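# Structure at a glance
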Amino acid sequence: MSELKTDVIHRGDCIEVLRSLPDASVDMVFADPPYNLQLGGDLLRPDNSKVDAVDDDWDKFASFADYDAFSRAWLTECRRVLKPEGSIWVIGSYHNVFRLGAAIQDLGFWVLNDIIWRKSNPMPNFKGTRFTNAHETLIWAARSREQKRYTFNYDALKAFNEDTQMRSDWTLALCTGEERLKDDEGKKAHPTQKPEALLHRVLLAATRPGDVVLDPFFGTGTTGAAAKRLGRRFVGIERDEGYAKLAEKRIKAVVPAAPEDLAVMGSKRAEPKVPFGALVEAGLLRPGDRLYCPKGEREARVRADGSLAYGDLTGSIHKLGALLENAPACNGWTYWRFKTDQGLRSIDALRAEIRAGMQ
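Residues numbered from 1 in each chain as written. Predicted model: local features only at pLDDT ≥ 70, side-chain atom pairs only at ≥ 80, totals over all residues. Heavy atoms only, no water.

## Observations regarding the overall build of the protein chain
Broken down by element type, the protein chain carries 11 helices and 14 strands. Overall, the C-alpha framework of the protein chain stretches about 80 × 50 × 40 Å when taken along its three principal axes. Out of the 359 residues in the protein chain, the part that is buried amounts to 43%. Of all intrachain contacts in the protein chain linking residues separated by at least 6 positions in sequence, the fraction that spans at least 24 positions is 67%. For the protein chain, the computed accessible surface area is about 19,600 Å², with 48% contributed by carbon and sulfur atoms. (Helix = DSSP H or I, 4+ residues; strand = E, 2+ residues; numbered from the N terminus. Buried < 20%, exposed > 50% of the residue type's maximum accessible area, 1.4 Å probe, protein only. Contact = heavy atoms within 4.5 Å. Areas by Shrake-Rupley, 256 points an atom, 1.4 Å probe, with all protein chains shown as cover.)

Written as structure tokens, this is what we have:
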């Protein structure tokens with residue numbers, strides 16, 4: 001197979017195009033496949049005006065069996081083209097997401113989360129016969145259960161969410177206003193155009209600048225627009241020439257963020273490991289120096305081997321901290337303090353100095 005070309009929109013059937021892509025060539029897949037709504041007739045408002053629902057040919061399948069076969073075919077190819085540390089996001093409604101979830105698990109993906117996109121401005125249920133359908137579900141899955149690594153920018157999402165851990169329910173508005181693409185008659189160009197805010201969050205969560213994102217149901221290019229803005233590369237597949245042209249025009253107008261503005265908050269888990277003994281070796285602490293508990297009520301001596309002593313008790317910074325607090329565990333880096341002219345300071349600041357030198 002040829003080398004993967006990026007920032008392109010392939011015209012054609014998604015399964016055929018997917019089969020032409022190289023193995024293990026993309027970092028993430030975002031898929032917004034047909035819903036298979038199985039509509040039983042026109043949906044009318046109380047004033048008898050017709051609701052602009054999804055009734056396009058691309059959303060019609062003869063049976064659930066046909067839809068399942070189609071889903072498993074494209075998912076199989078997506079798994080093949082994903083890199084070993086890649087992940088996939090699939091979005092759906094109650095019409096199809098449960099069938100997609102079963103296929104995802106059967107094919108060897110490993111589900112990491114389901115995300116509820118709560119629509120802040122959902123379409124009402126005009127008949128009054130069901131609950132208002134106010135959400136869609138995103139399934140986020142690793143390529144396999146054995147996968148040890150996948151991109152998850154936890155700290156970036158926490159910073160994005162005002163230093164609060166990002167939850168699995170996201171409240172975002174439907175695509176409306178100027179963002180909603182229109183055709184020559186002023187009507188919605190695509191019935192299920194997703195808001196770029198949704199893709200912004202997905203890409204921020206599970207990709208890095210320069211990563212390749214594949215969207216096998218590209219539509220009017222929301223994934224490509226968000227990818228370009230965030231310094232990611234994209235590969236789109238779209239069989240409708242009209243949608244593809246709209247996507248190209250839309251993406252061309254996107255102004256990407258400056259490279260220096262694309263860096264995300266780093267994860268402490270990804271930082272180089274620094275043993276406490278390295279602080280002693282570097283002379284940042286010396287044998288015999290005193291370390292203090294957070295309130296300064298207890299002090300321990302630093303020993304040459306990187307252990308601490310408190311009376312007859314000895315151990316690592318973690319073990320001794322746990323013993324003194326009568327706790328099952330203790331993070332010694334955040335527990336112990338050293339004295340400065342400005343008062344007590346966490347030894348984690350000394351670890352940061354070591355890490356800065358390593359990088």
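## Points about the pattern of salt bridges
Counted by the stated rule, this structure contains 15 salt bridges. Here Arg 11 ties to Glu 248 by a salt bridge, and the two come within 2.8 Å at their closest N and O atoms. One end of the pair, Arg 11, is in strand S1 (residues 8–11); the other, Glu 248, is in helix H7 (residues 241–252), with 237 residues separating them in the sequence. Note that Arg 250 is salt-bridged to Glu 196, the shortest N-O span being 3.8 Å. One end of the pair, Arg 250, is in helix H7; the other, Glu 196, is in helix H5 (residues 196–206), and 54 residues separate them in sequence. Residue Arg 250 is classed as buried on the basis of its relative accessible area of 12%. (Salt bridge = Lys/Arg side-chain N within 4 Å of Asp/Glu carboxyl O.)

## Brief notes about the sheet that holds strand S6 (residues 169–172)
Read across the open sheet, the 8 strands follow the order S1-S8-S7-S2-S3-S5-S4-S6; overall the sheet is mixed. Either end of the sheet is taken by a strand with one partner, and the two such strands are S1 and S6. Adjacent strand axes in the sheet meet at a mean angle of 20°, parallel and antiparallel pairs treated alike. Where strand S2 (residues 26–31) lies against strand S3 (residues 82–92), 5 bridges are found, and the strand directions are parallel. The residue bridging Phe 30 from the neighbouring strand is Trp 89, located in S3. Those strands touched by helix H3 (residues 97–106) are S3, strand S4 (110–119) and strand S5 (135–142), and its axis lies near 5° from that of S5. (Pairing = 2+ DSSP bridges. Axes fitted to C-alpha atoms, helices over the stretch in contact; angles between N-to-C directions.)

## Remarks on the domain arrangement of the protein chain
What the domain assignment lists for the protein chain is domain 1 (8–261) and domain 2 (276–357). Centre-to-centre, using C-alpha coordinates, domain 1 lies 49 Å away from domain 2. (Domains from an automatic or database assignment.)

## Brief notes about the nonpolar core
Within the largest apolar cluster, 31 residues are counted, with the highest numbers of intra-cluster contacts made by Met 28, Phe 30, Trp 89, Leu 138 and Leu 198. Here the element with the most residues in this core is H5; it accounts for 7 residues. Excluding anything up to four places from it in sequence, Leu 198 contacts Ile 91, Trp 117, Leu 138, Trp 170 and Leu 172. Residues Val 17, Leu 21, Ala 31 and Leu 75 belong to the second largest nonpolar core, which totals 30 residues. (Core = buried A, V, L, I, M, F, W, Y, C linked by side-chain atoms within 4.5 Å.)

## Thoughts on the packing of aromatic side chains
Applying the stated criterion across every chain yields a total of 12 aromatic pairs. Arranged with centres 5.4 Å apart and planes meeting at 45°, the rings of Trp 140 and Phe 152 form a pair that is tilted. Of this pair, Trp 140 sits in strand S5 while Phe 152 sits in the loop between S5 and helix H4 (154–160), and the two are 12 residues apart along the sequence. Assessed through its relative accessible area of 4%, Trp 140 is described here as buried. Judged by relative accessible area, Phe 152 falls into the partly exposed class, the value being 36%. (Phe/Tyr/Trp six-rings, centres within 6.5 Å; stacked < 30°, edge-to-face > 60°.)

## What to know about the packing of H5 against helix H6 (residues 222–229)
Contact geometry of H5 with H6 gives a least axis separation of 9 Å together with a crossing angle of 55°. Between H5 and H6, the crossing angle belongs to the class labelled oblique. The two elements H5 and H6 cross, and the hand of that crossing is right-handed. Every residue of H6 that contacts H5 at Glu 196, Leu 199, His 200 and Leu 203 is listed here: Thr 222, Thr 223, Ala 225, Ala 226, Ala 227 and Arg 229. Partitioned by chemical class, the residues of the contact of H5 with H6 number 5 nonpolar, 3 polar and 2 charged. (Parallel < 35°, antiparallel > 145°, perpendicular 65-115°, else oblique. Left-handed = near helix turned anticlockwise from the far one by under 90°. Nonpolar A, V, L, I, M, F, W, Y, C, P; charged D, E, K, R; others polar.)

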